[in-house]
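Commentary on secondary and tertiary structure
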Amino acid sequence: MSDLTCNNERCNKKFNIKLRKKKHGVSVIEHFFFCPHCKTRYSSHVTDQEIRKRQRDMRKYREELNQVAKDWTAGKCFGEVYDEKITFIGQKERELKALVDNLKAKIASK
């Protein structure tokens, strides 16, 4: 994986990320890595069943948006349809980000 510089003030060394997974309970999965020099822990992302479902939904929404963009370019639909899709996807992304942030905070507090 790519080089990262540790943000620990005493370390600041570059290292390659070795991503690890940890299950928390039945459905929560945390992806994280450590700085090999100072052992600072970085949580990359945390998901549960609901978040993974919404991520799958987001992929479908983006595929639909791509089709609408192609149709709009070909003159098969109006720009308003595209704008509505963009607005809808933006709202869903904000909802998903809030869920992810809440779950990540919950895991970090344990």
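Above this text sits the structure in question.
Residues numbered from 1 in each chain as written. Predicted model: local features only at pLDDT ≥ 70, side-chain atom pairs only at ≥ 80, totals over all residues. Heavy atoms only, no water.

**Some remarks on the pattern of salt bridges**
Rules: When a carboxyl oxygen of Asp or Glu lies within 4 Å of a side-chain nitrogen of Lys or Arg, that pair is called a salt bridge. Strands are runs of DSSP state E lasting at least 2 residues, helices are runs of H or I lasting at least 4, and numbering of each runs from the N terminus. For every residue, the accessible area (1.4 Å probe, protein chains only) is compared with the maximum for its type, and the residue is labelled buried under 20%, exposed over 50%, or partly exposed between those bounds.
For the structure on display, the rule yields 8 salt bridges. For Arg 54, the salt bridge is made with Glu 95, and the minimal N-O distance between the two is 3.5 Å. Taken as a pair, Arg 54 in helix H1 (residues 49–73) and Glu 95 in helix H2 (residues 79–108) lie far apart in primary sequence, 41 residues in all. The partly exposed category is assigned to Arg 54, whose relative accessible area is 28%. In this structure Glu 95 comes out as partly exposed when scored by relative accessible area, which is 27%. With a closest N to O distance of 3.7 Å, Glu 95 and Lys 92 form a salt bridge. Note that Glu 95 and Lys 92 are positioned in helix H2 at a spacing of 3 residues, about one turn of the helix. A single salt-bridge network, built from bridges that share partners, covers Glu 50, Arg 54, Lys 92 and Glu 95.

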